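If you want the building blocks of each chain, they are given just below.
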Amino acid sequence: MTRTDRYLLDNRQPEAGERFDAFATVFDPTTFRHLEALGVGPGWRCWEVGAGGTSVVSWLAKKVGPTGRVVATDIDTSRVASAGRPPVEVLVHDVGEQEPPEEGFDLVHARLVLVHVRERERALRSMVKALRPGGRLLVEDGDPALQPLLCPDEYGPEQQLANRLRHGFRELLAERGADLSYGRRLPRLLREAGLSRVEADAYFPVTSPACAALESATVRQIRGQLVATGRASDEDVDRHLKNVASGTMDLATAPMISAWGRKA
């Protein structure tokens, strides 16, 4: 099994671009608020771990300017390659298995990455190692076990079906080594890694058009796995996608927990 095969949501599948666009709409405002508060500015050297798409990388590039540097890494850089021009460098890199691409970064950031990494403890140590003294680490990850439902208001058969498929999705993630309760542990893990001034908060979208777009793209992307493993039928998936497209359902995401701290 290759590194990319371990990941349920392959960046090269056609739905991946839709998912990245939805993630950007849902989560970029929260991420950018935290990065602003950490003081990212001209001349900073930043490492964007598991970059996936381009939205955060492009934002960082504008902030650091021509005197700064942004290293964007992923095991599959197909969706972020277009951002690879100064001050951005794009590298194929597995944070769970390889040493940092370099050290002395002012900022290291990862969003919705470590929850999927089997070697997440090593990955976190690597990210801390890559910081300069006084450098900032911002890790943002989901906690699906904290709020496991797609439809928290489960009042009808459409919502029940949605939650059943979401349960199947969570099982598929867990089978590939995802830690579905990782987000809540981030503050403690950052302190145990030696960071100071550790803080954290959470963002929990309950409903939005982007949440619906994310659900549609995700289910279409994992459809084959849901059906092949007997967790849903093709008819179940078709009915759910039709329900989502109706625009009448309140579809939530798992809470994204953001934790940050400073290297001594």
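Refer to the preceding data block for the structure.
No experiment lies behind these values; they were computed from the predicted model shown. (Residues numbered from 1 in each chain as written. Predicted model: local features only at pLDDT ≥ 70, side-chain atom pairs only at ≥ 80, totals over all residues. Heavy atoms only, no water.)

Asks: Honestly, the packing of aromatic side chains in this entry has me stumped. Any pointers?
Replies: Centre distance and the angle of the planes are the two values used to describe a pair of aromatic rings. Summed over all chains, the structure comprises 4 aromatic pairs. The positively charged end of Arg45 is found above the aromatic ring belonging to Phe105, 5.5 Å away from the centroid. Over the ring of Tyr182 we find Arg120, and its NZ or CZ is 5.7 Å from the ring centre. (Phe/Tyr/Trp six-rings, centres within 6.5 Å; stacked < 30°, edge-to-face > 60°. Lys NZ or Arg CZ within 6 Å of the ring centre and 35° of its normal.)

Asks: What exactly am I supposed to notice about the nonpolar core here?
Replies: For soluble globular proteins, the rule of thumb is that nonpolar side chains tend to be buried together. Formed by 26 residues in total, the largest nonpolar core has its most connected members in Trp47, Val108, Leu114, Met127, Leu137 and Leu190. Mapped onto this core, the elements with two or more residues apiece are strand 1 (45–49), strand 4 (105–111), helix 3 (120–129), strand 5 (131–142), helix 5 (186–192) and strand 6 (195–203). It is helix 3 that provides the largest number of residues to this core, a total of 4 residues. Listed in part, the 21 residues of the second largest apolar core include Val64, Ala72, Leu107 and Leu138. (Core = buried A, V, L, I, M, F, W, Y, C linked by side-chain atoms within 4.5 Å. Buried < 20%, exposed > 50% of the residue type's maximum accessible area, 1.4 Å probe, protein only. Helix = DSSP H or I, 4+ residues; strand = E, 2+ residues; numbered from the N terminus.)

Asks: Looking at this structure, I do not really get the pattern of salt bridges. What am I missing?
Replies: Pairing between side chains becomes possible if they bear opposite charge and their charged atoms approach one another. Within the structure shown, the criterion is met by 20 salt bridges. A salt bridge links Asp106 to Arg132; the shortest N-O distance between them is 2.5 Å. With a gap of 26 residues between them, Asp106 in strand 4 and Arg132 in strand 5 connect regions that are remote in the sequence. Of the charged contacts in the structure, one is a salt bridge between Asp236 and Arg164, with a shortest N-O distance of 3.3 Å. Of the two residues, Asp236 sits in helix 7 (residues 234–245) while Arg164 sits in helix 4 (residues 157–175), which places them 72 residues apart along the sequence. The class of Asp236 is buried, set by a relative accessible area of 11%. Overall, the relative accessible area of 39% leaves Arg164 in the partly exposed class. Among the charged side chains, a salt-bridge network with shared partners connects Arg45, Arg69, Glu89 and Glu102. (Salt bridge = Lys/Arg side-chain N within 4 Å of Asp/Glu carboxyl O.)

Asks: Please explain the sheet that holds strand 4 as it appears in this structure.
Replies: Within a sheet, each strand pairs with its neighbour through backbone hydrogen bonds, oriented either parallel or antiparallel. With mixed pairing, 7 strands are arranged side by side in an open sheet as 3-2-1-4-5-7-6. Two strands lie at the open edges of the sheet, namely strand 3 (88–92) and strand 6, each paired on one side alone. Shown here is a sheet whose adjacent strand axes are inclined to one another by a mean of 15°, direction ignored. Where strand 4 and strand 5 come together, 6 bridges link them in parallel fashion. (Pairing = 2+ DSSP bridges. Axes fitted to C-alpha atoms, helices over the stretch in contact; angles between N-to-C directions.)

Asks: Even after reading the chapter, I still don't get unusual backbone geometry, so can you show me in this structure?
Replies: Glycine aside, a negative phi is what most residues show, and trans is what most peptide bonds show. Residue Pro87 is reached from Pro86 by a cis peptide bond, and omega for that bond is 10°. Along the polypeptide, Pro87 turns up in the loop between strand 2 (69–74) and strand 3. With a phi angle near 55°, Leu112 is a residue other than glycine that sits in the positive phi range. Considering the arrangement of structural elements, one finds Leu112 in the loop between strand 4 and helix 3. With a phi angle near 55°, Arg197 is a residue other than glycine that sits in the positive phi range. In this structure, Arg197 sits in strand 6. Judged by relative accessible area, Arg197 falls into the exposed class, the value being 61%.

Asks: I tried to follow helix 7 on my own but got confused; where do I start?
Replies: Each α-helix winds once per 3.6 residues, and so residues spaced three or four apart point in a common direction. Along its 12 residues, helix 7 runs 16 Å from first to last C-alpha, staying within 8% of the 16 Å computed at 1.5 Å per residue. Among all positions in helix 7, only Asp236, Val237, His240, Leu241, Asn243 and Val244 are buried. Here the buried residues of helix 7 occupy an arc of 160° about the axis, which is enough to place them on one side. Opposite the buried face of helix 7, at more than 90 degrees from it, the exposed residues are Glu235, Lys242 and Ala245. Looking at the buried residues of helix 7, the elements they touch are helix 4 and helix 6 (209–228). Once helix 7 ends, the next one or two residues include Gly247, with phi positive near 75°. (Expected span 1.5 Å × (residues − 1). Arc of directions from axis to C-beta. Contact = heavy atoms within 4.5 Å.)

Asks: In this structure, what is going on with the pairing of strand 2? I would like to understand it.
Replies: In summary, the side chains of a regular strand alternate between the two faces of the sheet. Extensive coverage of strand 2 is indicated by the burial of 5 of its 6 residues. Summarising the sheet, strand 1 and strand 2 pair through 5 bridges and their orientation is parallel. Among the inter-strand pairings, Cys46 is bridged to a residue of strand 2, identified as Val70. A crossover connection joins strand 1 to the parallel strand 2 through helix 2 (residues 55–64); in handedness this β-α-β unit is right-handed. Strand direction decides the pairing type here: strand 2 and strand 3, joined by 5 bridges, are parallel. Among the inter-strand pairings, Val71 is bridged to a residue of strand 3, identified as Glu89. (Right-handed = clockwise from strand over helix to strand, strands pointing away.)

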